[in-house]
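# Reading the structure
Okay, here's what each chain looks like letter by letter:
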Amino acid sequence: MPERSGPGFRRRVGPPSRRARVALLTLGVLAVLFLLFVMFAGFWTDWLWFKSVHYSSVFTTQLWTKIGLFAVFGLLMAVTVGFNVWLAHRLRPPLSAMSVEQQSLDRYRAGLAPFKRWALIGISLVIGLVAGAAASGQWRTWLMWTNSTSFGEKDAQFGMDVSFYAFDLPFYEFVLGFAFSAVIVSLLTSALVHYLYGGLRLQGPGRRASAGAQGHLAVLLGVFVLLKAVAYWLDRYALAVKTGSYKGVSGWTGLRYVDANAFLPAKTILFFVAIICAVLFFLTPIRRTWAPALIGLGLMVLSAVLIGGLYPAIVQQFQVKPNEQAKETPYIQKNIDATRQAYGIADAQTTPYSPQGSTGGDALKPDAQTIADVRLLDPNIVSQTFQSLEQQRNYYAFPSTLDVDRYRTDTGKQDTVVGLRELDLNGVQRNWINDHFKYTHGYGAAVAKGNQVDDKGGPVFTESGLPATGSLGDYQQRIYYGEKTTTYSIVGGSNKEIDYTDTKTGQNVEYTYTGAGGVSLDNPITRAAYAVRFTEPQILYAGAITDGAKVLYNRTPKERVEKVAPWLSIDADPYPVVQDGRVVWVVDGYTTSDGFPFSSKTTLGAATKDSLTNQRGELLTVANQVNYIRNSVKATVDAYTGEVKLYQWDEKDPVLKTWMKAFPGTVEPKADIPQSLLPHLRYPQDMFKVQRDLLGQYHVTDANSFFNGSDIWQVPVDPTSDTKQVQPPYYVTVRMPDAAGASFSLTSSFVPNGRPNLAAFMAVNADPGDDYGKIRVLKMTGESGAPGPGLVQSKFNSRQEVASQIYALKTGGDTELEYGNLLTLPMGGGLLNVEPVYVRGRGAKYPTLQKVLAVYGDDNVAFEDTLEKALNKLFAGQAPPATPVAPSNPGNGTAPGTPTAPGTPTAPATPTPTAPTTPAPGGTISPELQKALSDAGKAYNDSQTAFKNGDWVAYGNAQKALGEALKAAEAARGGSPAPAPTGTPTAGATGATGAGSPSPQP
């Protein structure tokens, strides 16, 4: 029979078949199981990762703390709300007492009746889950409160230990907020139940609330008002960490006159008013009237307006404004003292400085080391040079900003520019096997002298080539963990990874990872979990994953330290160190707080932003506002194994001690820092930038001067950058005027607010030792007229002789000029500004240093081929020798026998001086020649010693003796050129220093 259809025909639809129901049920169960496995995968892989780095206690501590807070506060909220809903239902009036309005709700009551118990449980659980989830996010607050450590310092207003504000008050405020939420939710749900079941009505004559509803709601309101009383009492202490804006400080913190003399008494009065009002609410069920309680509530509100709002405004207008300076000075002083203490700048040493416009040789002698170590290599520019000369393979790359470190040589410590050859997958054919199995690591370091270039303007490498060879000796060169390594890799087992391609044979040099890092993939469940985590199903069945395979992930030093120490703020610039045969990343960690009373707050992201921010990477905790910071932890991440070590650096920091109690055994004592690593530790940049940001105003220690606001400093805009951001700090070796010798330091300059001249020069000793972290500030006297960085750059660009040479360098637009870091250095009673100038020719892959700009004083400018020539022009030939230019080497620094990729440029190497072995005519060395060479060697060693000691009289005598010895040697050889003694500069090395200048070699 044909199927009937058409208008008016209705097909009868029955229940789904058994097969359909089974299919739907199966799909539902599978979906639930999949969601559960996704949740399990996240938990399981996190646990395995923490276990692999031996910080499982961090994972379990966080987990159990979150679970505990979730359970306790979720249960408290559920029980509180559930009890009040149950009580409201229990106190319902009989049906006969209901009004017409309430009887109209019968259908709702009837519909709810079969499910009342489940509704009660469901509502309570949902509210409890929400509250528990919110409470679990307060795990840091809980751990700080339960493990709090005394600061040993009391606030200036209440005499409470700072730990109360840093650790206790935040927890009390959290508990108070939770209690408010519980009461408000209970009040709303109870009122709804009372209305639904006749306890409350909105219309009609007579009582609007039954006796039961009235008593219940009155008690809840009384509890609410009682909590408000507690809030008023805590608000008194919160005034010490209250943030506002004052005297140009947007994060001004602490009490001012109106707070101490109006708000503080007002909060105390309101506390007692609220107590009385709460008592009136508690008496409401007994007195059976709302009137006293409502009158009390009205009076409390009126008091809050009059006492808490109007009275402080009157005090501000009629007491403070007429004599603001006298009233506010004591509170400004409290803010100054607390801020300087909280940011570690209280001991900053400020010295008046009147820089001289010219100087002589005697005044320059103490600064010989500063001159010798002027850093000509700008690590932000020469990254391109490293990339071109030392990339070696397309799948390697250097970071856009290199790092500055110190390595010991035969003549002492040498400032060096360091870069690791990290993995760059953009240089390979992208597929899953290449990305995650074959190209898994970088290889080796490239290191160049910071104060020297070769005669072509390129870096003088002390470590170069692939594999790298040079001054660093033998070390594990494979870089599995680095700043550019952001994807996961699967290594080990039978997997053969690519180290590099041997250009002689054309074959890949392969390697199988044997390190302890990574998570084993031998377990099928683990493989499935990682397949879900990385959304890559091939992990489940890939034949490339064999027994012994491991997965490496979370591979940047910053994220590894952040995961094992989630209570730290991490510096944006980790740097590599080669020590004890391994490459490790050094990561600086900061403990912070926003609860230091009277200390002004700063936003870390804004304070640490400069012209290099985009090159260096992420900002330091962008949005966080803090008013206390310490560089309390030095962390290391092994570039091969990924092992993370946390070392206590600030042994007095109470915040660190608190976290060490919360996570016992995770931070090792300072004494355990390897001795080979200690010389490479340095003062961190982000800490320095936060401190200099605060010193812009808080260098003023007198409250009256601070009030006048006439001496505000700013960090100058970087004149060598187009970003319009402030100048970054620079690592240099410099001698401050009051110091005995030069030290590795982090430096910056200040200009007055709105003016371009120099206001101050700031340096912090960055070398571990007795003076580590000592801040020295040279404050320019009013009559000095020293130019700031912007004016210095203007002087460079406006000089006719400089402008003409710059035009010649550009040769009609065929080349581009790049200005390097503008260094300001106190020297000889004045200020020397030095700026390397790099030139990039048309089609060139990288710039070369071709000129050096220098200015001393207000109008003494030099633009020369070398630093030595520039200094000789500035100081009329009386400057101590600068580091000479090294001759370029045809081998470009590549180790003998090292394969290089076809067409890949290689780096110049430092020439190694050789001993005099050339015989005299006849094949033997005559006694006269032997004596002359011995005298020359002794004279050279004497000159080197004198150079390092800054003894220029002895240096001149030694140089004279060296010249005479060389002449005697030449005569003894019958007029042939005499061989140079070991270390004597060759002709190619004297271009910067003049004949006979010493050339200290590492």
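Residues numbered from 1 in each chain as written. Predicted model: local features only at pLDDT ≥ 70, side-chain atom pairs only at ≥ 80, totals over all residues. Heavy atoms only, no water.

## Here's the deal with the overall build of the protein chain
For clarity, the threshold we go by: Note on conventions: DSSP H or I runs of at least 4 residues are helices, E runs of at least 2 residues are strands, and numbering of each starts at the N terminus. Each residue is placed in one exposure class: buried if its accessible area under a 1.4 Å probe, protein chains only, is under 20% of its type's maximum, exposed if it is over 50%, and partly exposed if it falls in between. Contacts: residue pairs with any heavy atoms within 4.5 Å of one another. Note on areas: these come from Shrake-Rupley sampling with a 1.4 Å probe, and a residue is covered only by the protein chains present in the view.
When you go through the protein chain residue by residue, the secondary structure sums to 28 helices and 34 strands. Burial statistics for the protein chain: of 1002 residues in total, 53% are counted as buried. A separation threshold of at least 6 residues defines the contact pool for the protein chain, and within that pool the share at least 24 residues apart is 69%. Entry remark: accessible area of the protein chain is about 43,300 Å², with carbon and sulfur atoms responsible for 57%.

## Description of the pairing of strand β10 (residues 459-464)
Operational definition: Pairing between strands is defined by DSSP: at least two bridges between the two strands are required.
For β10, the tally of buried residues reaches six of six residues, placing the bulk of the element in the interior. Two elements, strand β9 (residues 445-453) and β10, share three bridges in a ladder whose sense is antiparallel. Across the sheet, Val453 pairs through a bridge with Pro459, a residue of β10. Bridge count between β10 and strand β11 (residues 469-470): two bridges; the pairing is antiparallel. Following the sheet pairing, Ser464 is matched in β11 by Thr469. Where β10 hands over to β11, the hairpin turn is made up of four residues, of which Gly465 adopts a positive phi near 90°.

## Focus on the packing of helix α2 (residues 56-90) against helix α7 (residues 162-196)
Put simply, the test is: In this analysis an axis means a line fitted to C-alpha atoms, helices contributing only their contacting stretch, and an angle means the value between N-to-C directions, from 0 to 180 degrees. The labels follow the angle: roughly parallel below 35 degrees, roughly antiparallel above 145, roughly perpendicular from 65 to 115, and oblique for the rest. Left-handed is the label given to a crossing in which the near helix is rotated counterclockwise from the far helix by less than a right angle, and right-handed is the label when the rotation is clockwise.
Their axes nearest at 9 Å, the elements α2 and α7 cross at an angle of 25°. What the angle tells us is that α2 and α7 run roughly parallel. The handedness of the crossing between α2 and α7 comes out as right-handed. Contact residues: Phe73, Leu76, Met77, Thr80, Val81, Asn84, Val85, Ala88 and His89 in α2; Phe174, Phe178, Ser181, Ala182, Val185, Ser186, Thr189, Ser190, Val193 and His194 in α7.

## Some details on the packing of helix α6 (residues 139-146) against α7
Our working definition: For this classification, the nonpolar set comprises Ala, Val, Leu, Ile, Met, Phe, Trp, Tyr, Cys and Pro, the charged set comprises Asp, Glu, Lys and Arg, and every other residue, Gly included, is treated as polar.
With their axes 8 Å apart at the nearest point, α6 and α7 run at an angle of 125° to one another. When the axis of α6 is compared with that of α7, the two are oblique. The handedness of the crossing between α6 and α7 comes out as left-handed. Seen from α6, the contacting residues are Thr141, Trp142, Met144 and Trp145; seen from α7, they are Ala166, Phe167, Asp168, Pro170, Phe171 and Tyr172. Looking at the contact of α6 with α7 residue by residue, the classes come out as eight nonpolar, one polar and one charged.

## Brief notes about the packing of aromatic side chains
Basically, it comes down to this: The pairing test for Phe, Tyr and Trp rings, Trp by its six-membered ring, is centres within 6.5 Å, and the orientation test on the planes gives stacked under 30 degrees, edge-to-face over 60, and tilted for anything in between. Cation placement over rings: the criterion is NZ of Lys or CZ of Arg within 6 Å of the ring centroid and within 35° of the ring normal.
This structure, assessed with the given rule, holds 49 aromatic pairs. On the numbers, 5.8 Å between centres and 55° between planes, the contact of Trp47 with Phe59 is tilted. Here Trp47, found in helix α1 (residues 18-52), pairs with Phe59, found in helix α2; they are twelve residues apart in sequence, far enough to count as distant. Ring geometry for Phe271 and Phe272: centres 5.1 Å apart, planes at 70°, overall edge-to-face. The rings of Phe73, Trp142, Trp145, Phe158, Phe164, Tyr165, Phe171, Tyr172, Phe174, Phe178 and Tyr237 are connected pair by pair, giving a single aromatic cluster. The ring of Trp649 is capped by Lys634, whose NZ or CZ atom sits 5.3 Å from the centre of that ring. The side chain of Lys851 reaches across the aromatic face of Phe863, ending 5.5 Å from its centre.

## Some thoughts on the nonpolar core
Going by this rule: Here the nonpolar core consists of buried residues drawn from Ala, Val, Leu, Ile, Met, Phe, Trp, Tyr and Cys, with membership extended through side-chain atoms lying within 4.5 Å.
In terms of nonpolar packing, the biggest core is built from 152 residues, with Ile490, Val551, Trp567 and Leu646 touching the most fellow members. The leading source of residues in this core is α7, at 15 residues. Apart from residues no more than four positions distant in its own chain, Leu646 is found in contact with Tyr55, Val561, Val564, Ala565, Val633, Lys634, Ala635, Thr666, Val667 and Glu668. In this structure, Ala448, Phe461, Tyr730 and Val852 belong to the second largest nonpolar core, which totals 37 residues.

## Remarks on unusual backbone geometry
Looking along the chain, the bond that leaves Leu466 and enters Pro467 is cis, with omega of -10°. Its location among the elements puts Pro467 in the loop between β10 and β11. Here the phi dihedral of His54 falls at roughly 65°; this positive angle occurs in a residue that is not glycine. Mapped onto the fold, His54 is located in the loop between α1 and α2. Residue classification places His54 among the exposed residues on the basis of a relative accessible area of 66%. With a phi close to 55°, Asp580 is a non-glycine residue in the positive phi region.

## Concerning the sheet that holds strand β6 (residues 412-420)
Across the sheet, five strands lie side by side as β5-β6-β9-β10-β11; this open sheet has antiparallel pairing. Two strands bound the open sheet, and with one partner strand each, they are β5 (403-409) and β11. As judged from the five bridges shared by β6 and β9, these two strands associate in the antiparallel manner. Each bridged residue has a counterpart across the sheet, and for Gly419 the counterpart in β9 is Ala446. Packed on one face of the sheet, helix α14 (residues 383-390) meets β6, β9 and β10 and runs near 55° to β10.

## Structural notes on the side chain of Asp573
For the record, the criterion: As used in this structure description, the phrase polar contact means that two N or O atoms lie within 3.5 Å; if the pair is within protein, one of them must be able to donate a hydrogen and the other to accept it, and residues adjacent in sequence are counted only when both atoms belong to side chains.
By secondary structure assignment, the location of Asp573 is in the loop between β18 (569-570) and β19 (575-579). Among the polar contacts made by the side chain of Asp573, one reaches the side chain of Arg682 at a distance of 3.2 Å. Polar side-chain contacts of Asp573 include one of 2.9 Å to the side chain of Gln685.

## Here we look at the sheet that holds strand β16 (residues 519-520)
The strand order β13-β17-β16 describes an open sheet built from three strands, whose pairing is antiparallel. Bordering the open sheet on either side are β13 (489-492) and β16, each of which pairs with just one other strand.

## Comments concerning the environment of Ile184
By the secondary structure assignment, Ile184 is in helix α7. Exposure remark for Ile184: the relative accessible area of 39% places this residue in the partly exposed category.

## Some words on the environment of Ile127
Looking at the element boundaries, Ile127 is found in helix α5 (residues 116-136). A C-alpha to C-alpha distance of 6.2 Å links Ile127 and Ala78, two positions 49 residues apart in sequence. Setting aside residues no more than four positions away along its own chain, Ile127 makes contact with Met77, Val81 and Val185.

## Digging into the confidence of the model for the protein chain
Convention followed: Note on scores: pLDDT gives the predictor's confidence for each residue, bounded by 0 and 100.
Overall, the prediction assigns the protein chain a mean pLDDT of 84, with 86% of residues at 70 or greater. Scored below 50 in pLDDT, residues 975-1002 shows 72 contacts in the model against residues more than four places distant or in partner chains.

## Side note on the pattern of salt bridges
Where charged atoms from two side chains of opposite charge approach closely, those side chains can pair. Selection rule: Whenever a carboxyl oxygen of Asp or Glu lies within 4 Å of a side-chain nitrogen of Lys or Arg, that contact is scored as a salt bridge.
For the structure shown, the criterion picks out 26 salt bridges. The salt bridge partner of Asp405 is Arg406, with a shortest N-O separation of 3.1 Å. Residue class for Asp405 comes out buried when judged on its relative accessible area of 1%. Across the pair Lys645 and Glu668 runs a salt bridge whose closest N-O atoms are separated by 3.1 Å. Of this pair, Lys645 sits in strand β24 (residues 644-648) while Glu668 sits in the loop between α21 (654-662) and α22 (685-698), and the two are 23 residues apart along the sequence.

## So, helix α18 (residues 557-564)
Counted only if it meets this: Throughout, the arc means that of the directions going from the helix axis to the C-beta atoms.
Buried within α18 we find Pro557, Lys558, Arg560, Val561 and Val564. Relative to the axis of α18, the buried residues are bounded by an arc of 165° and lie together on one face. Buried-residue contacts for α18 involve α1, α2, β18, β20 (582-593), β23 (628-638) and β24.

## Here's the deal with the side chain of Asn84
Following the sequence through the fold, Asn84 ends up in helix α2. When sequence neighbours within four positions are dropped, the list of residues in contact with Asn84 reads Ser186, Ser190, His216 and Leu220.

## Describing the environment of Ala844
Residue placement: Ala844 occurs in the loop between β32 (830-841) and β33 (848-856). On the accessibility criterion, Ala844 (33% relative accessible area) is partly exposed.

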